[in-house]
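Secondary and tertiary structure notes
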Amino acid sequence: MILLTGVTGKTGGATAKALLGKGVPLRAIVRNAEKAAALKDAGVDLVVGDVTDKAVIDKALRGVERALMVMPNGETQLDSEKQFIDAAKAAGVKQLVKMSSMEAVADAKAPIPKVHYQAEQYLRASGLGWTLLKPNFFMQNLLGSAGTIKEQGKFFLPMADGKTAMADVRDIGAVAAVVLTGDGHAGKSYEITGPEILSFHDVATCFTKVLGRKIEYVHVPMPAYRQTLSRFLTNAWHLNAVCELFQEIADGHDLHLSDSVQKLTGKPPIPLEQFIRDHQAVFTA
Ligand SMILES: NC(=O)c1ccc[n+]([C@@H]2O[C@H](COP(=O)([O-])OP(=O)(O)OC[C@H]3O[C@@H](n4cnc5c(N)ncnc54)[C@H](OP(=O)(O)O)[C@@H]3O)[C@@H](O)[C@H]2O)c1
């Protein structure tokens, strides 16, 4: 039995999709059963509850051999990850796969990668079989700009000339599915990127090409961006953490491409052009 968390979200959802039909028994912790109705219909055993609730985790972990831990970002994330790791160990889980991030390194400053790095260290020392998935910026984050791309032909972000090696979450799910069902991944850390290092000006050029109309990237100074984002992210810790992360992208840092998608799935990573084409309707009025 494989246990997944976050299946109604981006990476957990992509992992569940990649695992369905492989004939492996799946269980998922969801807090909203309605959102996971399609997964239930597809045979996934749902445990309804909060992923930070020890009783829920203990119940879900019964008979589980492998698990994917996708934890929501927030000030209690590290405690929640530690609790899940401890519970997995107590339940006899053989391999725990942690969704982390490529920015989670020893000298990480921004709160989200810092928490991921601390949780990684805790998992490495836990005695459990572990695998780390460390994706770069998600292409699917761009769906948050669909409204302005559609209506104004512009998207507004605070990344200046910063670059990412953005990855499609479908590739992240495909890698997770391979790791959760295959052998030889214990003790491995996989960075996951797309096939290109792109600035957001490059992203705009790609949108222009695929959509066949001019799409412009507008750099927004961080204070103004923070103001706008605060309308959607009401948690102060999370708001600050996202702004710090985006500021690090704007400031620029060492970036490289990873070949893990090709190596693990046998397919090349999805390029941005393909992502935009696959979501063309969302970006088109
Ligand atoms: N975004 C990026 O560019 C990026 C890049 C690298 C790494 N990451 C990391 O990826 C992880 C997030 O993955 P994601 O983007 O796939 O997440 P997401 O789309 O935001 O989804 C979060 C999932 O967690 C569930 N959830 C939240 N709180 C819960 C609770 N208390 N109990 C049960 N379920 C709960 C949500 O359920 P509901 O549907 O009910 O809300 C949803 O299924 C984070 O750790 C992040 O740091 C993100």
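Keep in mind the model is a prediction, meaning the values are calculated, not measured. (Residues numbered from 1 in each chain as written. Predicted model: local features only at pLDDT ≥ 70, side-chain atom pairs only at ≥ 80, totals over all residues. Heavy atoms only, no water.)

Some thoughts on the overall build of the protein
On a plain count of helices and strands, the protein comes out with 13 helices and 11 strands. By the compact-globule yardstick of 19 Å for 285 residues, the protein fits well, its C-alpha radius of gyration being 19 Å. For the protein, the C-alpha atoms occupy an extent of roughly 55 × 35 × 35 Å along the three principal directions. When each of the 285 residues of the protein is scored for burial, the buried share is 50%. Expressed as a percentage of contacts within the protein between residues at least 6 apart in sequence, the contacts between residues at least 24 apart total 76%. (Helix = DSSP H or I, 4+ residues; strand = E, 2+ residues; numbered from the N terminus. Rg over C-alpha atoms; globule rule 2.2 N^0.38 Å. Buried < 20%, exposed > 50% of the residue type's maximum accessible area, 1.4 Å probe, protein only. Contact = heavy atoms within 4.5 Å.)

Examining the pairing of strand β5 (residues 95-99)
The buried fraction of β5 amounts to five of the five residues, a majority that puts the element mostly inside the structure. Going residue by residue along β5, you find Gln95, Val97 and Met99 tucked away on one face and Leu96 and Lys98 tucked away on the opposite face as well. Direction of pairing for strand β4 (residues 66-69) relative to β5: parallel, over a ladder of four bridges. Note on β5: the bridge partner recorded for Ala67 is Leu96. (Pairing = 2+ DSSP bridges.)

A short note on the packing of aromatic side chains
In total, this model carries eight aromatic pairs according to the counting rule given. With 4.8 Å between their ring centres and 75° between their planes, Phe207 and Phe283 make a pair best called edge-to-face. With Phe207 in helix α8 (residues 200-211) and Phe283 in helix α13 (residues 280-283), the pair connects residues that are 76 residues apart, well separated along the chain. The exposure class of Phe207 is buried, given its relative accessible area of 0%. Pairing Tyr225 with Phe246 gives two aromatic rings, centres 5.9 Å apart and planes at 45°, and the pair type is tilted. Of this pair, Tyr225 sits in helix α9 (residues 222-229) while Phe246 sits in helix α10 (residues 236-251), and the two are 21 residues apart along the sequence. Residue classification places Phe246 among the buried positions, given a relative accessible area of 11%. Linked through ring pairs, Phe137, Phe155, Phe200, Phe207, Tyr217, Tyr225, Phe246, Phe275 and Phe283 together constitute an aromatic cluster. (Phe/Tyr/Trp six-rings, centres within 6.5 Å; stacked < 30°, edge-to-face > 60°.)

Re the pattern of salt bridges
Considering all chains together, one arrives at 10 salt bridges under this definition. Between Arg66 and Asp183 there is a salt bridge, and its shortest N-O distance comes to 3.2 Å. Taken as a pair, Arg66 in strand β4 and Asp183 in the loop between α7 (169-181) and β9 (188-192) lie far apart in primary sequence, 117 residues in all. With relative accessibility at 67%, the residue Asp183 sits in the exposed group. Of the charged contacts, one joins Glu81 and Lys98 as a salt bridge, the two residues approaching to 2.8 Å between their closest N and O atoms. On the criterion of sequence distance, the pair formed by Glu81 in helix α4 (residues 77-90) and Lys98 in strand β5 is long-range, its members being 17 residues apart. For the pair Glu81 and Lys98, a shared accessibility class is recorded, and that class is buried. Within this structure, Asp168, Arg170 and Asp278 form a network of salt bridges that share partners. (Salt bridge = Lys/Arg side-chain N within 4 Å of Asp/Glu carboxyl O.)

Concerning the environment of Val220
Structurally, Val220 can be placed in the loop between β11 (216-219) and α9. Residues Val220 and Phe155, 65 residues apart in the sequence, show an inter-C-alpha distance of 9.6 Å. In contact with Val220, not counting residues within four places along its chain, are Phe156, Leu157, Pro158 and Tyr225.

A look at the sheet that holds β4
Pairing is parallel across the open sheet formed by seven strands, whose spatial order is β3-β2-β1-β4-β5-β6-β9. Strand pairing shows two members of the sheet lacking a second neighbour, β3 (45-48) and β9, which therefore form its edges. Across the sheet, the mean angle from the axis of one strand to that of its neighbour is 15°, orientation sign disregarded. Examined bridge by bridge, β5 and strand β6 (residues 129-135) share five bridges and lie parallel to one another. The residue bridging Met99 from the neighbouring strand is Leu133, located in β6. (Axes fitted to C-alpha atoms, helices over the stretch in contact; angles between N-to-C directions.)

Some words on the packing of helix α5 (residues 111-124) against α10
For the pair α5 and α10, the least separation of the axes is 7 Å and the interaxial angle reads 95°. In terms of axis orientation, α5 runs roughly perpendicular to α10. Side by side, α5 and α10 meet where Pro111, Ile112, Pro113 and Val115 of the first sit next to Trp237, His238, Ala241, Val242, Glu244 and Leu245 of the second. Of the residues assigned to the contact of α5 with α10, the class counts are eight nonpolar, one polar and one charged. (Parallel < 35°, antiparallel > 145°, perpendicular 65-115°, else oblique. Nonpolar A, V, L, I, M, F, W, Y, C, P; charged D, E, K, R; others polar.)

Quick word on the environment of Ala176
Turning to its location among the elements, Ala176 is positioned in helix α7. For the pair formed by Ala176 and Met99, sequence separation is 77 residues and the distance between their alpha carbons is 8.8 Å. Beyond its immediate chain neighbours, meaning those up to four positions away, Ala176 contacts Thr15 and Leu133.

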